[in-house]
Amino acid sequence: MSLEENFRRVEPYVPGEQPAETNVVKLNTNENPYPPSPLVQKALTGLSLQELRRYPDPEAGRLREALAESYGVEKERIFVGVGSDDVLSMAFLTFFHGKAPVLFPEITYSFYDVWASLYEIPFKKIPLTESFKLDAEAFMQTNGGVVFPNPNAPTGVLESLDTVEKIAAGNPDVVVIVDEAYIDFGGESALPLLDRYENLLIVQTFSKSRALAGMRIGFAFGSKELIRALNDVKFSVNSYTMSRAAIEVGVASLADEAYFKESVEKIVATRERVKKELSALGFVFPDSAANFLFARYTGAADALRSVPAEGTSARRLYEALKRDGVYVRYFASPKLADRLRISIGTDREMDVLLERLRAHLP
Ligand SMILES: *Cc1c(COP(=O)(O)O)cnc(C)c1O
């Protein structure tokens with residue numbers, strides 16, 4: 001007998017680097033380059049110490065009411081959590097408890113197989129098509145649930161509402177989770193399908209489009225039955241997930257729709273410009289509807305003018321850019337190793353990236 005024999009073992013998710021230096025160009029975790037609304041600052045400043053002395057509302061009623069108002073969904077059909085990672089983790093724990101494997105895309109958010117392993121959920125990865133699209137037919141096989149991001153990550157590829165509907169309609173006896181972390185950057189949300197599909201759970205976050213990754217606010221829309229089941233599990237793990245600060249900040253963010261729209265539009269405009277510039281430099285990428293590009297360099301790796309490093313041109317460029325103080329995301333796994341995931345920053349930040357890339361390209 002050893003101490004460790006009784007431990008729960010899991011290979012953890014590895015988040016993108018958060019360098020301590022502040023003078024870097026950080027394009028590696030899909031954060032919003034613009035700060036949240038000034039109303040958020042006001043909400044934070046307005047929190048009194050007397051309020052912080054007390055536990056928050058375990059139902060996060062004010063935040064759920066504000067979401068209900070903004071999205072036109074009843075409060076009873078909204079669940080909130082500590083970022084959408086918390087919401088998704090609770091959803092895996094609640095809804096994926098069958099014997100058949102849960103299905104998700106082969107190339108996708110790398111947290112899915114971590115939660116599945118942690119909770120001992122059988123799972124099966126479904127290959128994408130050549131053009132990184134979902135193969136809707138392949139999601140019709142026997143399964144214990146379905147989860148996919150739309151747009152997908154790290155590809156940025158958007159699926160039509162038709163495809164989402166086909167998958168929800170084809171799987172009436174299991175929960176289908178659509179992870180819409182990046183939907184505000186150009187996609188069509190599955191929200192209009194909610195009334196027709198009791199098995200549909202739509203998960204979104206304040207971390208990307210609302211520039212509040214540091215506050216940890218995520219939410220889900222579903223039928224009352226799904227939300228009730230999620231709440232039963234949540235209240236069996238931790239009643240007070242959302243802090244008073246997170247609840248107030250979330251409400252304030254939703255109150256400034258104009259600011260939100262403007263910052264999303266700026267990011268989309270920058271993304272479209274950078275697509276052209278990266279193509280001109282010899283990069284290819286699936287067309288992205290998110291705030292990042294999944295780019296592969298088509299030139300010769302050994303012609304790169306960067307300090308030698310092992311591996312693919314993506315790996316070498318990642319290392320070279322990092323030395324330059326420009327952080328992008330590199331995934332070492334075989335299917336992803338020839339690509340860089342580049343978050344869309346401000347125009348100035350993207351200019352630094354492009355300038356550094358030019359310096360390293362032959
Ligand atoms: C960023 C991200 C999330 C989680 O973000 P939170 O900060 O936990 O809300 C979930 N899914 C995908 C696909 C993401 O990229």
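Whatever comes next refers back to the structure up there.
If you're wondering where the values come from, they're calculated on a predicted model, not measured in any experiment. (Residues numbered from 1 in each chain as written. Predicted model: local features only at pLDDT ≥ 70, side-chain atom pairs only at ≥ 80, totals over all residues. Heavy atoms only, no water.)

Caption draft 1: Just the packing of aromatic side chains, in detail. Inspection of every chain in the model, using the stated rule, returns 22 aromatic pairs. For the ring pair Y55 and Y240, a centre distance of 4.2 Å and an interplane angle of 15 degrees mean the geometry is stacked. Linking Y55 in the loop between helix 2 (49-52) and helix 3 (61-71) with Y240 in the loop between helix 7 (224-234) and helix 8 (244-254), this pair joins segments that are 185 residues apart in sequence. Here Y55 falls in the exposed class, since its relative accessible area comes to 60%. A residue is classified by how much of its surface remains accessible, and Y240, at 35% relative accessible area, is partly exposed. When the ring of Y112 is compared with that of W115, the centres are 6.4 Å apart and the planes differ by 35 degrees; the resulting orientation is tilted. Residue Y112 and its partner W115 are located together in helix 5 (residues 112-118), separated by 3 residues, close to a single helical turn. An identical accessibility class is assigned to Y112 and W115; each is buried. One aromatic cluster in this structure is built from Y13, F92, F96, F104, Y109, F111, Y112, W115 and F123. Across the ring face of F260, the terminal group of R210 is positioned such that the distance to the ring centre comes to 3.9 Å. (Phe/Tyr/Trp six-rings, centres within 6.5 Å; stacked < 30°, edge-to-face > 60°. Helix = DSSP H or I, 4+ residues; strand = E, 2+ residues; numbered from the N terminus. Buried < 20%, exposed > 50% of the residue type's maximum accessible area, 1.4 Å probe, protein only. Lys NZ or Arg CZ within 6 Å of the ring centre and 35° of its normal.)

Caption draft 2: Focus on the sheet that holds strand 7 (residues 200-205). Across the sheet, 7 strands lie side by side as 2-8-7-6-5-3-4; this open sheet has mixed pairing. Single-partner strands in this sheet number two, and they are strand 2 (78-81) and strand 4 (123-126). With direction set aside, neighbouring strand axes in the sheet form an average angle of 20 degrees. Strand direction decides the pairing type here: strand 3 (residues 102-105) and strand 4, joined by 4 bridges, are parallel. Note that in strand 4 the partner of L103 across the bridge is K124. Packing against the sheet, helix 3 makes contact with strand 2, strand 7 and strand 8 (218-221), and its axis sits at approximately 130 degrees to strand 2. (Pairing = 2+ DSSP bridges. Axes fitted to C-alpha atoms, helices over the stretch in contact; angles between N-to-C directions. Contact = heavy atoms within 4.5 Å.)

Caption draft 3: Summary view of the nonpolar core. Ranked by internal contacts, the top residues of the largest apolar core, which has 50 residues, are L63 and L200. A total of 6 residues in this core trace back to one element, the largest contributor, which is helix 8. With sequence-adjacent residues up to four places away left out, L63 is seen in contact with V80, F206, I217, M242, I247, G250, V251 and L254. One finds A295, I342, I344 and M350 within the second-largest nonpolar core, a separate group that totals 37 residues. (Core = buried A, V, L, I, M, F, W, Y, C linked by side-chain atoms within 4.5 Å.)

Caption draft 4: Structural context of the sheet that holds strand 12 (residues 340-343). Strand order in the open sheet made by the 5 strands is 1-11-12-10-9, with mixed pairing throughout. A single partner strand is all that each edge strand has here, and the edge strands are strand 1 (25-27) and strand 9 (283-284). In the sheet, strand 11 (residues 326-330) pairs with strand 12 via 2 bridges, with the strands oriented antiparallel. Within strand 12, the position partnered with Y330 by the bridge is L340. In the packing of helix 10 (residues 313-323) onto the sheet, the strands contacted are strand 9, strand 10 (292-297), strand 11 and strand 12, and the crossing angle to strand 11 comes to about 155 degrees. Sitting on the sheet, helix 11 (residues 347-360) is in contact with strand 1, strand 9, strand 11 and strand 12, with an inclination near 90 degrees to strand 1.

Caption draft 5: Helix 8, seen in detail. Counting buried positions along helix 8 gives 9 out of 11 residues, so the element sits mostly inside the fold. Those residues of helix 8 that sit buried are A245, A246, I247, V249, G250, V251, A252, S253 and L254. Those residues of helix 8 that are buried lie in contact with helix 1 (38-45), helix 3 and helix 9 (257-280).

Caption draft 6: Looking closely at the pairing of strand 11. Strand 11 sits mainly inside the fold: 5 of its 5 residues count as buried. Here strand 11 shows two buried faces, one formed by V326, V328 and Y330 and the other by Y327 and R329.

Caption draft 7: Structural detail: the site of the ligand. Around the ligand, 13 residues are found, and the nearest of them are S84, Y182, T205, S207 and K208. Side-chain polar atom of T205 to an oxygen atom of the ligand: 2.5 Å apart, as the coordinates give it. Separating an oxygen atom of the ligand from a side-chain N or O atom of S207 is a distance of 2.6 Å. Contact with the protein chains covers 93% of the free accessible surface of the ligand, which is 390 Å². Counting residues per element, the shell around the ligand draws most heavily on helix 4 (residues 83-95), at 4 residues. (Near = heavy atom within 4 Å. Polar contact = N/O pair within 3.5 Å; in protein donor to acceptor, adjacent residues only side chain to side chain. Areas by Shrake-Rupley, 256 points an atom, 1.4 Å probe, with all protein chains shown as cover.)

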